[in-house]
Amino acid sequence: MPNQPAVLHSFCIYGAGIVAASVYTAIKTLYNRTPLFFLISDAGGRGGMLDASPAQIDGIAVKEMSAWRQELQALQKQQPLYDPDQNTVVPAYYLIAVPEAHHQAVVKNLYSLDLLDPPMEDSRIILFTSELENELMEAYYSSLAHCLTAAELLDAAKRPITQAAHQEKDVLLKVFQAKSHMDKPLREQPSLPAAQGSRLPRYITPIQAGAALTAASIAPLKDNTGESISVKNRNYCELTATYHAWKNCHAAYKGICHYRRIFAIDDAQMRTLLTMKHKWDVILPYPSVYYPNIDKEHTRYVGESDWRAMLQALRETAPAYLEAYEKGIADGEQYFHNFNMLIARAEVFDEYCDFLFKVLERTEELTTPKGAERADRFAGYLGENLTTLFFLKNRENLRIIYAGKLWLT
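Residue indices begin from 1 for each chain and proceed along its sequence in written order. Per-residue local features are limited, in this predicted model, to residues with pLDDT of at least 70; the limit for side-chain atom pairs, both in listing and counting, is 80 or more; totals at the level of whole chains, interfaces and linings are taken over all residues. No hydrogens and no water enter the side-chain calculation; it runs on all heavy atoms of the structure.

Visitor: Hey, could you go over helix H9 (residues 267-274) for me, with residue numbers and the actual values?
Guide: When you tally the buried positions in H9, you get 6 out of 8 residues, the bulk of the element. Note on exposure labels: buried denotes an accessible area under 20% of the residue type's maximum, exposed denotes more than 50%, and partly exposed covers the range between, all computed with a 1.4 Å probe on protein chains only. Each helix is a run of H or I in the DSSP string that is no shorter than four residues. Each strand is a run of E no shorter than two, and both are numbered from the N terminus. Within H9, burial applies to Asp267, Met270, Arg271, Thr272, Leu273 and Leu274. Under the rule applied, a polar contact is a pair of N or O atoms within 3.5 Å (in protein, one hydrogen donor and one hydrogen acceptor; residues adjacent in sequence only if both atoms are side-chain atoms). In this structure Asp266 caps H9, since a side-chain oxygen of it lies 3.2 Å from the backbone nitrogen of Ala268.

Now the structure itself:
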């Protein structure tokens with residue numbers, strides 16, 4: 001999409017979450033085009049965080065599918081032979097901008113509500129797969145003066161990769177993929193574009209998170225070895241694996257990803273990044289975009305009492321970060337780092353973890369009920385907010401590069 005001319009026809013974006021908002025922002029910036037509206041499933045068919053879908057995004061309406069179907073039927077009665085390419089009220093294309101695991105269900109819903117007519121099913125639906133989303137976000141973040149992307153660095157790299165560099169990589173880097181015995185099976189094995197086949201990149205090491213809470217064994221490496229908070233996994237989720245990496249891994253670069261989400265960086269690309277002349281401090285997934293800013297993002301996952309406890313913990317343990325948060329909100333900060341994913345120099349990774357776990361530990365003490373008495377993943381959700389805050393405060397002092405991610409289904 002980024003290499004194509006601006007979209008000539010009208011379109012709507014299916015979705016109102018982090019994927020949809022990010023896709024919208026990139027298209028608006030790169031092509032100066034905006035959707036007619038955002039489309040979501042009906043409230044009765046949604047659950048969890050989707051119930052919090054906004055009424056509008058950046059001033060553009062968010063419509064439920066059944067409501068749009070009624071509008072469409074009224075339009076067809078008024079103008080039975082309408083041309084969707086010319087009628088600016090009716091989208092010619094439906095851009096599906098939700099996680100890939102939901103693509104099939106969305107397409108099925110579009111047809112079950114007669115929002116699309118066969119045989120045009122292939123021509124009017126654009127699915128934002130991980131690859132297409134990464135391509136679009138790469139173009140978007142490359143266009144921002146303050147952002148540097150992994151693809152830009154890789155394109156600029158001239159140094160050949162030697163066998164010695166390949167061997168050095170194993171000593172330099174350790175990236176852990178957090179897995180749980182409660183994970184749902186993946187429908188397909190992960191596959192990276194650059195000829196990775198059906199296996200994970202070699203630089204990724206699976207680690208069983210929450211191993212202290214079960215007798216099941218799903219990975220040779222477990223997070224209850226060495227210095228550990230494995231018993232907190234029901235609250236901390238993948239962050240118990242992050243803690244393990246902080247306390248027990250001594251590689252020069254280390255990182256964390258998930259059983260469903262990995263970086264879209266293959267082994268050869270990672271070797272190049274590790275051996276480049278111009279060093280980097282941290283790799284983060286492309287930030288998600290929130291409207292009007294990131295202030296209320298936490299309400300989708302975290303109760304207000306827990307949020308206030310975290311702010312109090314910041315005030316006590318890291319007041320400079322609380323000040324950075326308040327300033328960021330006042331300045332309209334829109335970029336949010338979801339997923340608790342990163343790859344960083346050990347010094348940066350350890351500083352990040354020292355901040356993160358100090359704040360979370362104090363937050364647990366301030367919440368009611370206490371963190372140890374709960375199992376609702378609140379600490380994992382707060383971790384995303386704290387990850388965002390850490391890099392919001394430190395981005396001027398760190399060489400941050402952004403990379404795509406793959407959603408494994």
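From this point on, the discussion continues.
Visitor: Quick one: what's the story with the sheet that holds strand S7 (residues 148-149), residue by residue and with numbers?
Guide: Across the sheet, 7 strands lie side by side as S7-S16-S12-S15-S10-S8-S9; this open sheet has mixed pairing. Edge positions in the sheet fall to S7 and strand S9 (204-208), since each has one partner strand and no second. Here the rule is simple: two strands pair whenever DSSP picks up at least two bridges between them. Direction of pairing for strand S12 (residues 282-285) relative to strand S16 (residues 400-403): parallel, over a ladder of 4 bridges. Note that in S16 the partner of Ile283 across the bridge is Ile401. The contact criterion used is simple: two residues touch if any of their non-hydrogen atoms lie within 4.5 Å. Note on definitions: angles span 0 to 180 degrees between N-to-C directions of axes, and those axes are lines fitted to C-alpha atoms, for helices only across the stretch in contact. Contacting strand S8 (173-179), S9 and strand S10 (253-258), helix H8 (residues 239-248) crosses the sheet at an angle of about 170 degrees to S10.

Visitor: Account for the environment of His103, naming residues and giving values.
Guide: One can find His103 in helix H3 (residues 103-112). Exposure remark for His103: the relative accessible area of 6% places this residue in the buried category. The sequence separation of His103 and Leu127 amounts to 24 residues, and the corresponding C-alpha distance is 7.2 Å. Residues contacting His103, with those up to four places away along its chain left out, are Ile96, Val98, Leu127, Phe128 and Thr129.

Visitor: I'd like a description of the confidence of the model for the chain, backed by residues and values.
Guide: Per-residue confidence from the predictor is reported as pLDDT, a score between 0 and 100. Confidence in the prediction for the chain averages 87 pLDDT; 86% of positions are at 70 or higher. Summarising per-element confidence for the chain, the mean pLDDT is lowest in helix H6 (residues 163-172) (48) and highest in H8 (98). A low-confidence stretch, residues 44-51 stays under pLDDT 50, and its non-local contacts, those more than four residues away or across chains, total 8 contacts. Predicted confidence is poor over residues 161-170, with pLDDT under 50, and the contacts of this stretch with residues over four places away or in other chains come to 12 contacts.

Visitor: Any details on the packing of helix H12 (residues 346-366) against helix H13 (residues 378-394)? Residues and values, ideally.
Guide: Packing of H12 against H13 brings their axes to within 10 Å, and their N-to-C directions diverge by 135 degrees. Between H12 and H13, the interaxial angle falls into the category oblique. For the crossing formed where H12 meets H13, the hand is right-handed. Two secondary-structure elements touch here, H12 through Val348, Glu351, Tyr352, Phe355, Leu356, Val359, Leu360, Thr363 and Glu364 and H13 through Phe378, Ala379, Leu382, Gly383, Leu386, Thr387, Leu389, Phe390 and Phe391. The residue makeup of the contact of H12 with H13, split by class, is 13 nonpolar, 3 polar and 2 charged. Each angle receives one of four descriptions, namely roughly parallel if under 35 degrees, roughly antiparallel if over 145, roughly perpendicular if within 65 to 115, and oblique otherwise. A crossing counts as left-handed when the near helix is turned anticlockwise from the far one by less than a right angle, and as right-handed when that turn is clockwise. Each residue is assigned to one class: nonpolar for Ala, Val, Leu, Ile, Met, Phe, Trp, Tyr, Cys and Pro, charged for Asp, Glu, Lys and Arg, and polar for all the others, Gly among them.

Visitor: Describe in detail the sheet that holds strand S6 (residues 125-127), supporting the description with residues and values.
Guide: Pairing is mixed across the open sheet formed by 6 strands, whose spatial order is S3-S4-S2-S1-S5-S6. Two strands in the sheet have a free side with no partner beyond their single neighbour: strand S3 (56-57) and S6. Pairing geometry for strand S5 (residues 93-96) and S6, over 3 bridges, is parallel. Counted as the bridge partner of Ile96 is Leu127 from S6. Contacting strand S1 (11-14), strand S2 (38-40), strand S4 (60-64) and S5, helix H1 (residues 18-31) runs over the sheet at an angle of about 150 degrees to S1.

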